[in-house]
Amino acid sequence: MVNFEDLLDDDEAPVIDPRDIFLTLNRDKRFAFPRDIQTEVMKAWVSATRSSSSM
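A quick note: this is a predicted structure, and the numbers were derived from the prediction, not measured.

Thresholds applied
- Residues numbered from 1 in each chain as written.
- Predicted model: local features only at pLDDT ≥ 70, side-chain atom pairs only at ≥ 80, totals over all residues.
- Heavy atoms only, no water.
- Helix = DSSP H or I, 4+ residues; strand = E, 2+ residues; numbered from the N terminus.
- Contact = heavy atoms within 4.5 Å.
- Salt bridge = Lys/Arg side-chain N within 4 Å of Asp/Glu carboxyl O.
- Buried < 20%, exposed > 50% of the residue type's maximum accessible area, 1.4 Å probe, protein only.
- Phe/Tyr/Trp six-rings, centres within 6.5 Å; stacked < 30°, edge-to-face > 60°.
- Lys NZ or Arg CZ within 6 Å of the ring centre and 35° of its normal.
- Patch = residues over 30% accessible without salt bridge, like charges linked within 9 Å, V, L, I, M, F, W, Y side chains within 5 Å.
- Areas by Shrake-Rupley, 256 points an atom, 1.4 Å probe, with all protein chains shown as cover.
- Polar contact = N/O pair within 3.5 Å; in protein donor to acceptor, adjacent residues only side chain to side chain.

Mapped onto the fold, T39 is located in helix 3 (residues 36–49). When neighbours within four sequence positions are excluded, T39 is seen to be in contact with R19 and P34.

As enumerated under the stated definition, the model contains one salt bridge in all. The salt bridge involving R30 is made with D28; its shortest N-O contact spans 3.1 Å. Its relative accessible area of 58% is what places R30 among the exposed residues.

The next subject is the packing of aromatic side chains. Applying the stated rule across the entire model yields zero aromatic pairs. Taking NZ or CZ as reference, R35 lies 4.8 Å from the ring centre of F33, over its face.

This brings us to a nonpolar patch on the surface. On the surface, V2, F4 and L7 cluster together to form a nonpolar patch covering roughly 350 Å² of accessible area. Relative to the helices and strands, V2 resides in the segment before helix 1 (4–7).

Turning next to the environment of V41. With respect to the helices, strands and loops of the structure, V41 is situated in helix 3. Once the C-alpha coordinates of V41 and P18 are considered, the two residues, 23 residues apart in sequence, prove to be 9.9 Å apart.

Within the secondary structure, Q38 sits in helix 3. The partly exposed category is assigned to Q38, whose relative accessible area is 35%. Placed 19 residues apart in sequence, Q38 and R19 show a C-alpha to C-alpha distance of 8.9 Å. Reaching out from Q38, the side chain makes a polar contact with the backbone nitrogen of R35 at a distance of 2.6 Å.

In structure tokens, the structure reads:
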């Protein structure tokens, strides 16, 4: 059985915005930037993960 306590890091690592990750990836010129809907989804995801009810 996996002990998840052993896997957790005690340090509070900063949450990296997924849009920042996207912009650092090597990608085709056709995908130079995230589309509006992609950005909306990423913002909603980051907001949800930063809420006090998320783990």
